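# Overview (structure and organization)
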Amino acid sequence: MTVDPSLTQDEHLVLLLHPHWKTLIRPLAVAALVIVIALVAEVLIPPGSAAGAGRLAVGVIAILVLMVWLMVPVLRWRTTTYELTTRRLRVRSGILTRRGRDIPLARINDVSFEKGLLDRLFGSGRLVVESAGEHGQIVLTEIPHVQQVQARLFQLVESEQRRLGREQRNQP
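Residues numbered from 1 in each chain as written. Predicted model: local features only at pLDDT ≥ 70, side-chain atom pairs only at ≥ 80, totals over all residues. Heavy atoms only, no water.

### As for the pairing of strand S4 (residues 99–104)
Sheet faces and side chains relate simply in a regular strand, where the side chains alternate between the two faces. In the sheet, strand S3 (residues 88–93) pairs with S4 via 6 bridges, with the strands oriented antiparallel. Bridge pairing in S4 places serine 93 opposite arginine 99. (Pairing = 2+ DSSP bridges. Helix = DSSP H or I, 4+ residues; strand = E, 2+ residues; numbered from the N terminus.)

Rendered as structure tokens:
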């Protein structure tokens, strides 16, 4: 078992999530459209001495567009993580520049979720976490199985509050 050095000694990872895969639907649809357009362009290039160079140019342009169009959303999806530990909620994102936010479970006041029509079809939703502090609220979008995540987060918040209550009672 690998130990995450960013976790405290008695802290354990409970849940590690990426945004729902539906965030990749639009880039994949555009990629399919680019492929269709490139194939049509290949067919419409008239035969002749410059046809080979024209087809090669269409192919190279299509590949470059696909790489740029698909690479950024896939990397963004892959590098965005929502981590739930026994002590905090951690959000990490960014491809070249990383951003992170940690909310201790003891500071979380309310956990709710929202699901639209498409969210219900795909099994995802928005998780809204209210916390005490200057930033107040964090909205996590495209969370897979949002109801289960909300319930698990609520259980962990309750457990953390009970643990802190026991520690305060045991203090002299």
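### A short note on the sheet that holds strand S2 (residues 81–85)
Here we have 4 strands laid out as an open sheet, ordered S1-S2-S3-S4, and antiparallel in their pairing. Only two strands of the sheet have a single neighbouring strand rather than two, namely strand S1 (13–17) and S4. On average, adjacent strands in this sheet sit at an angle of 15° to one another, irrespective of strand direction. Bridge count for S1 against S2 is 4 bridges, and the pairing is antiparallel. Among the inter-strand pairings, leucine 17 is bridged to a residue of S2, identified as tyrosine 82. (Axes fitted to C-alpha atoms, helices over the stretch in contact; angles between N-to-C directions.)

### Considering the nonpolar core
Judged by nonpolar contacts, the single largest core of 19 residues is most densely connected at Leu105, Ile108, Leu127, Val129, Leu140, Ile143 and Leu153. Sorting the residues of this core by element identifies S2, S3, strand S5 (108–114), strand S6 (124–131), strand S7 (137–144) and helix H4 (146–170) as the ones contributing at least two each. In terms of residue count, the dominant contributor to this core is H4 (5 residues). Filtering out sequence-adjacent residues up to four positions away, leucine 127 remains in contact with Val111, Ser112, Phe113, Ile138, Val139, Leu140, Ile143, Val146, Val149, Gln150 and Leu153. One finds Ala31, Ala38, Ala62 and Leu66 within the second-largest nonpolar core, a separate group that totals 5 residues. (Core = buried A, V, L, I, M, F, W, Y, C linked by side-chain atoms within 4.5 Å. Buried < 20%, exposed > 50% of the residue type's maximum accessible area, 1.4 Å probe, protein only. Contact = heavy atoms within 4.5 Å.)

### Topic: the environment of isoleucine 138
Looking at the secondary structure, you find isoleucine 138 in strand S7. Taking the C-alpha atoms as reference points, isoleucine 138 and alanine 29, 109 residues apart in sequence, are found 30 Å from one another. Those residues in contact with isoleucine 138, other than ones at most four positions away along the chain, are Val91, Arg101, Ile103, Leu127, Val128 and Val129.

### Topic: the sheet that holds S6
Taking strand neighbours across the sheet as the criterion, the 3 strands line up as S5-S6-S7 in an open arrangement whose pairing is antiparallel. Strands at the two margins of the open sheet, each flanked by one partner only, are S5 and S7. Between one strand and the next, the sheet's axes are offset by a mean angle of 20°, whatever the strand orientation. With 6 bridges joining them, S6 and S7 adopt antiparallel strand pairing. Across the sheet, glutamate 130 pairs through a bridge with glutamine 137, a residue of S7. Those strands touched by H4 are S5, S6 and S7, and its axis lies near 170° from that of S5.

### Quick word on a nonpolar patch on the surface
Taken together, the side chains of Leu56, Val60, Ile63, Leu64, Met67, Val68, Met71, Val72, Leu75, Ile95 and Leu96 define a hydrophobic patch exposed on the protein surface, amounting to about 1,000 Å² of accessible area. The residue valine 72 is located in helix H2 (residues 51–79) in this model. Among the residues examined, valine 72 registers a relative accessible area of 36% and is labelled partly exposed. (Patch = residues over 30% accessible without salt bridge, like charges linked within 9 Å, V, L, I, M, F, W, Y side chains within 5 Å. Areas by Shrake-Rupley, 256 points an atom, 1.4 Å probe, with all protein chains shown as cover. Salt bridge = Lys/Arg side-chain N within 4 Å of Asp/Glu carboxyl O.)

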